[in-house]
Amino acid sequence: MQDTKDQVIFTIVAVIIILLFLGVLFLVMLFYYNNKKGQMSKEQQLMKATFEKQLLESKLEIQEQTFDMISQEIHDNVGQILSLAKVQLGIMEQRHTFEEDLVSNVKESISQAMTELRDIAKSLSSERMQLLSLPESIAQEIRRINRSGIIKATVSVEGVEKNIPDQQKLITFRMVQEGFQNIIKHAGASEIKVSIRYLEESLHISIFDNGAGFNPEEELKKREGLGLQNILRRASLIGGKANIVSRPGEGTTLEIQIAYA
Amino acid sequence: MHIAWFEYFQIACLVVALYCFRGLRACSLLAFIPLLVIVNVTEFTGINYRMFGWESNYLTYNLYLLASTPFYFFIAGKMLFLTGKETFVFYTVCILCMILISVNFFFIQGQFHFNTYSLVLFDIMTIVFSSLSLVRLTILDQQELNFAREPFFWINSVNLLFGLITLVILGLQEYILINHIEIAHKTLYNAIMPSVNAIVYAGYSYAFILCRTQRIR
């Protein structure tokens, strides 16, 4: 009889301990889950802060490059044209004559300088960038390049245009602009072909030039390769990819892939 | 007149609840005050039933179950942060439980027989509601919670553990008494329940203090 009672007590106590264990296990699991959630939330916050920092750095870099570009454009184009107009006016002054041809040349030079200035302003305005679609902005940039007469640039668009957030659009456009700058400065190319393809899940932009080409791996290691590094970094910043395919003497292709947000 | 040692925890808990009145109101836990009054009165009369000339204290505990359950359910509902349809389902389940407990009290086990069916049902509901509340607190809240400073966590944790223990002990209460199942010359109930009660009411008291400090912050 005592044995049976002992067995009953043992069973009851065992059941209580098991239930208690399950209860405590449940609480421990909640603790664990809560800690994991906390860790994940901290990591997310850190990632967000890093992203914002990188974005800010990128914006500052873009701003700096933009200032360089303005200075260069004013010096190389507008400055030259206005100098020419000044020389033409100087000739008129020396000759003490009013030649219609010369006046019309001066007027043409000034109007060309104004067009150049307008183009620079357009290409720099991020507000305008927001109003235009990405292909439109790239097409406008291409028209500007073509006007110089040194390089022949073309653009083709495939697929149905999809909406890209302004931040992504601006950074993508600046990457394309940087690509164009690299071609104009270093490639010695006579032709640029830009292809914009709106695929199902991402946007593909490829910029081909028939210039001198180079070894991308070597170039990326050099300090001078900062422009290329910037393109790659900016692509990853907006969740995209950039790839440079080039060999000496065979031209260069810059491929940019941006996933839709 | 006798006051069991664990009753001091219950009395202290009531005092703390009154002291933290505003904190409890801010956390929508004011229902704890009448509940603790019922608990204290029940325990006092339940332990001293002979003083009143009663043969058993079952009626006291059965009445306690009938009177305290709506308060427990109401508090559980507050801690579950119910919305829309959930409120309807929750209160429907609670009303059904209350009907079953009342039917058991009046017609099935009766008033002078310990209402084990009601108690088991109540314990099951306590376990389910406190588990749901803990899960909701942990999973649905976007922010990481500091459990040590979360009053709802303490209340639900002690409710869950109390429910799991009492489910067995009080569910088998009659069997334990009839068969004189004892540990160290004490009935299983007397050996385990006082400590469990002390832990539960200490847990409640701590939660009330947290309610007060949270309100101040």
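Residues numbered from 1 in each chain as written. Chains lettered and ligands numbered in written order. Predicted model: local features only at pLDDT ≥ 70, side-chain atom pairs only at ≥ 80, totals over all residues.

(A) Local environment of the confidence of the model for chain B. Looking at chain B as a whole, the pLDDT averages 90, with 97% of positions reaching at least 70. Two summary scores accompany this predicted model of the complex, namely pTM at 0.65 and ipTM at 0.76. (pLDDT = per-residue confidence, 0-100.)

(B) Up close: the interface of chain B and chain A. The interface of chain B with chain A comprises 17 residues on the first partner and 18 residues on the second. Listing elements by their share of the side of chain B that touches chain A, those giving two or more residues are helix H6 (116–140) and helix H7 (151–169) of chain B. Looking at which element gives the most residues to the side of chain B that touches chain A, the answer is H7 of chain B, with 6 residues. Tallied by class, residues from the side of chain B that touches chain A come to 12 nonpolar, 4 polar and 1 charged. (Contact = placed C-beta atoms within 7 Å. Helix = DSSP H or I, 4+ residues; strand = E, 2+ residues; numbered from the N terminus. Nonpolar A, V, L, I, M, F, W, Y, C, P; charged D, E, K, R; others polar.)

(C) The packing of helix H4 (residues 58–79) of chain B against H6 of chain B, seen in detail. Residue and element names in this part refer to chain B. Contact pair H4 / H6: the axes reach a minimum separation of 10 Å and the direction vectors enclose 15°. Our classification of the angle between H4 and H6 gives roughly parallel. Where H4 crosses over H6, the two elements pack in a sense that is left-handed. Contacts between H4 and H6 involve Leu-65, Thr-69, Tyr-72, Ala-76 and Met-79 from the first element and Ser-118, Leu-119, Phe-122, Thr-126, Phe-129 and Ser-133 from the second. (Axes fitted to C-alpha atoms, helices over the stretch in contact; angles between N-to-C directions. Parallel < 35°, antiparallel > 145°, perpendicular 65-115°, else oblique. Left-handed = near helix turned anticlockwise from the far one by under 90°.)

(D) Layout of helix H4 (residues 134–148) of chain A. Between its terminal C-alpha atoms H4 of chain A stretches 22 Å, which fits the 21 Å expected from 15 residues at 1.5 Å a residue. Of the residues flanking the end of H4 of chain A, it is Gly-149 of chain A, one or two places downstream, whose phi is positive at about 80°. (Expected span 1.5 Å × (residues − 1).)

(E) Quick peek at the pairing of strand S4 (residues 240–246) of chain A. Residue and element names in this part refer to chain A. Burial along S4 is one-sided: the residues Gly-240, Ala-242, Ile-244 and Ser-246 are buried and none of Lys-241, Asn-243 and Val-245 is. Here S4 pairs with strand S5 (residues 252–259) via 7 bridges, running antiparallel. Paired with Lys-241 across the bridge in S5 is Gln-257. Between the antiparallel neighbours S4 and S5 lie 5 residues, among them Gly-249 with a positive phi of about 85°. (Buried ≥ 20, exposed ≤ 12 C-beta atoms within 10 Å, placed from the backbone. Pairing = 2+ DSSP bridges.)

(F) Structural view of the pairing of strand S1 (residues 152–158) of chain A. Residue and element names in this part refer to chain A. Bridging between S1 and strand S2 (residues 191–198) involves 7 bridges; their strand directions are parallel. Bridged to Ala-153 within S2 is Ile-192. Read from S1 through helix H5 (residues 166–187) to S2, the crossover connection turns out left-handed. (Right-handed = clockwise from strand over helix to strand, strands pointing away.)

(G) Just the nonpolar core, in detail. Core analysis: the biggest nonpolar cluster contains 54 residues, and Cys-13, Ala-17, Leu-24, Tyr-204, Phe-208 and Cys-211 of chain B have the highest contact counts within it. Among the secondary structure elements, those contributing two or more residues to this core are helix H1 (5–19), helix H3 (32–47), H4, helix H5 (85–108), H6, H7 and helix H9 (188–216) of chain B. Among the elements that take part in this core, H7 of chain B stands out by supplying 13 residues, more than any other. Discounting residues that sit within four places of it in the chain, Phe-208 of chain B has contacts with Val-16, Ala-17, Cys-20, Gly-23 and Leu-24 of chain B. Ranked by size, the runner-up nonpolar core spans 28 residues in total, among them Ile-164, Val-176, Ala-189 and Ile-238 of chain A. (Core = buried A, V, L, I, M, F, W, Y, C linked by C-beta atoms within 7 Å.)

(H) Layout of the confidence of the model for chain A. When pLDDT is averaged along chain A, the result is 83, and 94% of the positions lie at 70 or above. Taken element by element, chain A is modelled with least confidence in helix H3 (residues 126–131) of chain A, mean pLDDT 67, and with most confidence in S2 of chain A, mean pLDDT 93.

(I) View of the sheet that holds S5 of chain A. All names here are of chain A. Strand order in the open sheet made by the 5 strands is S1-S2-S3-S5-S4, with mixed pairing throughout. Each of the sheet's edge strands pairs with one partner strand only, and the pair in question is S1 and S4. For this sheet, the mean angle separating the axes of adjacent strands, direction not counted, is 10°. The sheet contacts of H4 involve S1 and S2, and relative to S1 the element is tilted by about 165°. Across the sheet, H5 lies against S2, strand S3 (202–209), S4 and S5, angled at about 175° from S5, the strand it touches most.

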